[in-house]
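# Descriptive analysis of the structure
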Amino acid sequence: MLLLAKGLDDYMLPCLWKQTFNIDCMGCGMQRSISLILKGEFVAAFFMYPAIYSLIALFSYLLLHLKFQFKNGHRIIFGLFLLNISIIVISFIIKTFLTN
């Protein structure tokens, strides 16, 4: 896994939003966060992109729901979706407007 993470660091996509407007977008940090998870740096991954673990939970549950068709699974997916949007927007606001 560590070799995979080192390989990912060499091929990360640049943020066109940040290059154009010189401010982070709502997805900035996600690639580096995934790389940090693969390196085993779980706390650093959270601080890099706070929604990373809830996104992993969302996509994991979504794949399981597609396979097993859980009763009321769509409600859980919708709840996880709202949770992720909330975390992403709140962390963006904090990162952009409340920190120097």
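Everything discussed here concerns the structure shown above.
In this text, all values refer to a predicted model and were calculated from it rather than measured experimentally. (Residues numbered from 1 in each chain as written. Predicted model: local features only at pLDDT ≥ 70, side-chain atom pairs only at ≥ 80, totals over all residues. Heavy atoms only, no water.)

## Side note on the side chain of serine 91
Rules: In DSSP terms, a helix is any run of H or I states spanning at least four residues, a strand is any run of E spanning at least two, and both are numbered starting from the N terminus. Counted as a polar contact is a pair of N or O atoms within 3.5 Å, where, for protein atoms, one must be capable of donating a hydrogen and the other of accepting one, and residues adjacent in sequence contribute only when both atoms are in side chains.
As for its placement among the helices and strands, serine 91 is situated in helix 6 (residues 73-98). Polar contacts involving the side chain of serine 91 include one to the main-chain carbonyl oxygen of isoleucine 88, which spans 3.1 Å.

## A look at the side chain of asparagine 84
Rule in force here: Only heavy atoms enter the contact rule, under which two residues are in contact if any of them lie within 4.5 Å.
By secondary structure assignment, the location of asparagine 84 is in helix 6. What asparagine 84 contacts, discounting residues up to four positions off in sequence, is Ala51, Ser54, Leu55 and Leu58.

## Side note on the packing of aromatic side chains
The condition that has to hold: Under the pairing criterion, centres of Phe, Tyr and Trp rings, with the six-membered ring standing for Trp, must be within 6.5 Å; the plane angle then separates stacked pairs below 30 degrees from edge-to-face pairs above 60, leaving the rest tilted. Under the scheme applied here, a residue whose accessible area is under 20% of the maximum for its type counts as buried, over 50% as exposed, and between as partly exposed, the area being computed with a 1.4 Å probe on protein chains only.
The full count for this structure, using the stated rule, is four aromatic pairs. Relative to phenylalanine 47, the ring of phenylalanine 46 lies with its centre 5.6 Å away and its plane at 75 degrees, an arrangement referred to as edge-to-face. On the accessibility criterion, phenylalanine 46 (38% relative accessible area) is partly exposed. The exposure class of phenylalanine 47 is exposed, given its relative accessible area of 64%. Between phenylalanine 68 and phenylalanine 70, the aromatic rings sit 6.1 Å apart at their centres with planes inclined by 35 degrees, giving tilted as the arrangement. According to the relative accessible area criterion, phenylalanine 70 is partly exposed, its value standing at 31%. Among the aromatic residues, those joined into a ring-pair cluster are Tyr61, Phe68 and Phe70.

## What to know about the layout of surface pockets
To keep things clear, this is the line we draw: Grid spacing is 1 Å over the protein atoms alone, the probe is 1.4 Å, and a cavity is where that probe fits but cannot get out, while a pocket is an open set with protein on both sides within 12 Å along at least five of seven lines and lining residues have an atom within 4 Å of a point. Grid points are joined across faces, edges and corners, and a volume is the space filled by probe spheres set on the points. Under the scheme applied, nonpolar residues are Ala, Val, Leu, Ile, Met, Phe, Trp, Tyr, Cys and Pro; charged residues are Asp, Glu, Lys and Arg; polar residues are all the others, including Gly.
Quantified by volume, the largest pocket comes out at close to 190 Å³. As for the largest pocket, its lining consists of 13 residues, and the residues nearest its centre are Leu13, Cys15, Cys28, Gly29 and Gln31. If one sorts the elements of the lining of the largest pocket by residue count, helix 3 (residues 30-39) sits on top with three residues. When the residues that make up the lining of the largest pocket are grouped by side-chain class, the tally is seven nonpolar, three polar and three charged.

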